[in-house]
Structures are given as structure tokens and as C-alpha cells.
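So you can see what is in the structure, the chains are spelled out below.
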Amino acid sequence: MKLNGCVSILVFGFVCFVFPAPTDAWSKEGHIMTCRIAQSLLEPEAAEVVAKLLPDYADGDLSSLCVWPDQIRHWYKYRWTSPLHFIDTPDNACTFKYDRDCHDPHGNKDMCVAGAIQNYTSQLMHYREGTSDRRYNMTEALLFLSHFMGDIHQPMHVGFTTDEGGNTINLRWFRHKSNLHHVWDREIILTAEADFYGKDMDALLEDIKANLTDGIWTEEISSWKDCEDIKSCAIKYATESINMACKWGYKGVTAGETLSDEYFSSRMPLVMQRVAQGGVRLAKILNQAFGGSDSQEEYLRPT
């Protein structure tokens, strides 16, 4: 099946791979933190493979390229990837159903962030079979998976169809104009950095990691990683997001209003938890694909 001149993602990966030169646009906070958490949790063998797959200028830092899929989604070659960043669900249904919701605007199946996670996880699981030169571009698969694991954990990336996941709900965030999607994408993180960490993302990240190792999430981590196979994992992540979008994202929000302290203080811990969950779960996938400590068979079941 061809999509905009490209082979369907559920069959093949691209053989060509072009990196733009690094720019400030790589530094999108949520994706950087998700990828840094994941890389800090990699086993030695998996860490070695990740470093090997990254281009030289990344200097072994996965987070430096975790926003790459956002940078290329409007390039002609990669326009087909645009629907892979999100899921549109029926307005106010507050549920995710894979067969109902995972498609692009033209009805092509599996074209959503949950489908993309399945595809690129499956590709990476073949790394040790030596198929990377023949069937898949493993560097591209690594970067797409790392990015999409961030996207699916952002609650408003699994939002209502009519308002495009909150993108058309215009409002004010404290004193400046924004929209509901952007509030969850970036505003809450930036406000937390400014108010509590002196605009130091590294300090915020260290607090998140501390809550994983010896803090409020320590006893929850095993349940975060609990799912049976590629598809059930992706469905779990998307379902969590739409539930959170309904309960905490959309609830009580009216277009044109100003969101400030009350909304920020009640939602900020949830945003940080989703960043942490994305990192923990990405690390699990990469350790299974490259590290060999966990069985791959469960993730390679037919879906």
C-alpha cells in the first residue's frame, strides 16, 4: 500500500535518511526529558546500540534528536507521517478504540500514534537478527519510536476530533495567548521550570528522576511497564491519555477564558508523571530490543 508515494509504515521503513543540521528547535522540553529518562535507564548493551545508531553529531545523546520527527513532518518526503503524531477520538466519548480511531483522514488503517509505536517497536525488535541493512532503517525507527512515545503520553495528543486535541480551543495562559493543546504540550512545563527551577530544565529533570528511584512513583513503575504485547501496550498508553484529557485536560475549560494558578497547580504533577511514564516505557522497549534481558517473543506476537 502506498501513501503519498511512500510505502506504508506497517510494511517497510525508509532506506534514505537525511538529518537536518541541529538547531534550537530540537530542544522541545517534554521530548528531551522523556528521552533522557529513557537513556538513563538503559542497560549497558542497549545503551551501546543506541549510541551506535545515532549520527556522530548527536554525541551519543538520544534526546538531541527526539524532536526530529516534528522537524520533518511537513517535508514532502515525510508528509505521510503527520497523522502518526496523534489520535482523534469521537467528541466527548472519552474512550479509545483502536479499530475505530487509528486511521488517517483518508481512512488508511494503523495511521495514528498507537499504530506508529507498534510499527517501530516491531522494527527495532529485529535489530539482533541483522535485518537493519535489508529491510529497515534502524536509526530512523529509533528516532520515530522515541518521539512517538512522548506524543502518546501527552494527554491532548489523544483528544477530540472537532477541536483537534484542544488546538482550536483558544484561551489565555496567565497573561499571554495560547490554546489548550499547547498548554499541555509546553506551557505547564515552562511555567514549572520558571516558577520552581529558575528556568533550569536539568534541575526539573533531576526531580522527576528522583521520584522514580526513591519517591512518589517508585512503587508504581512495575505497573507502568505491565502490558502483554506491542498492540496492548499502545492501546494502554492511548487509553490513559484520553482518560486524562477528559478528566483533567478538557474538564472545566471554556474557550476564551484565562487559565492560571489553579489549573497549573492541579495539572502540573500529571504532566510530570506522563513524562516519566514515557521515559520508563521507552527504556523498557529499547532494553528488550537491544539489551536482551527481557524476552522479545511477547512483543513479537502477531497483532
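Not measured: the values here are computed from a predicted model.

Enquirer: Run through the side chain of T191, naming residues and quoting values.
Expert: Its location among the elements puts T191 in helix α7 (residues 180–196). Ignoring sequence-local partners within four residues, the contact set of T191 consists of W173, F174 and F264.

Enquirer: I'd love a proper account of helix α6 (residues 138–153), names of residues and values included.
Expert: The terminal C-alpha atoms of α6, which comprises 16 residues, lie 23 Å apart, in line with the 22 Å expected from a rise of 1.5 Å per residue. Among the 16 residues in α6, 16 count as buried, and that is most of the element.

Enquirer: I'd like a description of unusual backbone geometry, backed by residues and values.
Expert: A positive phi angle, close to 65°, is found at N92, a residue other than glycine. Mapped onto the secondary structure, N92 falls in the loop between β3 (87–89) and α4 (98–101). Among the residues examined, N92 registers a relative accessible area of 62% and is labelled exposed. One non-glycine residue, C94, lies in positive phi territory at about 60°. Relative to the elements of secondary structure, C94 occurs in the loop between β3 and α4.

Enquirer: An account of the packing of aromatic side chains is requested, with residue identities and associated values reported.
Expert: For the coordinates displayed, the defined rule picks out 15 aromatic pairs. Look at Y127 and F290: their rings are 5.2 Å apart centre to centre, the planes differ by 75°, and that puts the pair in the edge-to-face class. Remark: F290 occurs in helix α11 (residues 261–291) and Y127 occurs in the loop between α5 (113–124) and α6; sequence separation between them is 163 residues. Among the residues examined, Y127 registers a relative accessible area of 16% and is labelled buried. With relative accessibility at 1%, the residue F290 sits in the buried group. Linked through ring pairs, W68, W75, Y78, Y120, F144 and F148 together constitute an aromatic cluster. The ring of Y98 carries K231 above its face, with NZ or CZ at 4.4 Å from the centroid.

Enquirer: Quick one: what's the story with the nonpolar core, residue by residue and with numbers?
Expert: If you look at the biggest cluster of nonpolar residues, it comprises 89 residues, and the most contacted ones within it are L62, L124, L145, L180, I208, L286 and F290. By residue number, the principal contributor to this core is α11, which donates 14 residues. Ignoring anything within four residues of it in the chain, the contact list for L286 reads L42, A46, V50, L62, L124, L142, L145 and G291.

Enquirer: Help me get a handle on the state of the cysteines, residues and values and all.
Expert: Inspection of the entire model under this criterion finds four disulfides. What pairs with C102 in a disulfide is C112, and their sulfur atoms sit 2.1 Å apart. For the disulfide bridge between C102 and C112, the dihedral angle about the S-S bond is near -100°, and by the sign convention the bridge is left-handed. One end of the pair, C102, is in the loop between α4 and α5; the other, C112, is in the loop between α4 and α5, and ten residues separate them in sequence. The same class applies to C102 and to C112, which are both buried. Note that C227 is cross-linked by a disulfide to C233, the S-S spacing being 1.9 Å. Taking the sign of the S-S torsion, about 90° here, the bridge from C227 to C233 comes out right-handed. Accessibility expressed as a relative area gives 3% for C233, which makes it buried. Each bonded cysteine of the chain is numbered by sequence order, and under that numbering the disulfide pairs are 1-2, 3-8, 4-5, 6-7.

Enquirer: Account for the pattern of salt bridges, with residues named and values stated.
Expert: Under the defined criterion, the tally for this structure stands at nine salt bridges. Close ionic contact of D101 with R100 constitutes a salt bridge, the shortest N to O distance being 2.7 Å. With a relative accessible area of 3%, D101 lands in the buried category. Owing to a relative accessible area of 30%, R100 belongs among the partly exposed residues under this scheme. Here K209 and E206 are joined by a salt bridge, their closest N and O atoms 3.7 Å apart.

Enquirer: Could you give me a rundown of the packing of helix α1 (residues 29–40) against α7, with the residues and numbers involved?
Expert: It is the contact of α1 with α7, at a shortest axis distance of 9 Å, that shows an interaxial angle of 75°. Taken together, the axes of α1 and α7 lie roughly perpendicular to each other. Mapping the contact onto sequence places E29, G30 and M33 in α1 and R186, I189, L190 and E193 in α7.

Enquirer: So what about the environment of K251? Which residues, and what values?
Expert: Mapping K251 onto the fold places it in the loop between α10 (230–250) and β7 (258–259). In contact with K251, not counting residues within four places along its chain, are A245, C246 and R267.

Here is what the cut-offs are and how they apply
Residues numbered from 1 in each chain as written. Predicted model: local features only at pLDDT ≥ 70, side-chain atom pairs only at ≥ 80, totals over all residues. Heavy atoms only, no water. Helix = DSSP H or I, 4+ residues; strand = E, 2+ residues; numbered from the N terminus. Contact = heavy atoms within 4.5 Å. Expected span 1.5 Å × (residues − 1). Buried < 20%, exposed > 50% of the residue type's maximum accessible area, 1.4 Å probe, protein only. Phe/Tyr/Trp six-rings, centres within 6.5 Å; stacked < 30°, edge-to-face > 60°. Lys NZ or Arg CZ within 6 Å of the ring centre and 35° of its normal. Core = buried A, V, L, I, M, F, W, Y, C linked by side-chain atoms within 4.5 Å. Disulfide = S-S within 2.5 Å. Salt bridge = Lys/Arg side-chain N within 4 Å of Asp/Glu carboxyl O. Axes fitted to C-alpha atoms, helices over the stretch in contact; angles between N-to-C directions. Parallel < 35°, antiparallel > 145°, perpendicular 65-115°, else oblique.

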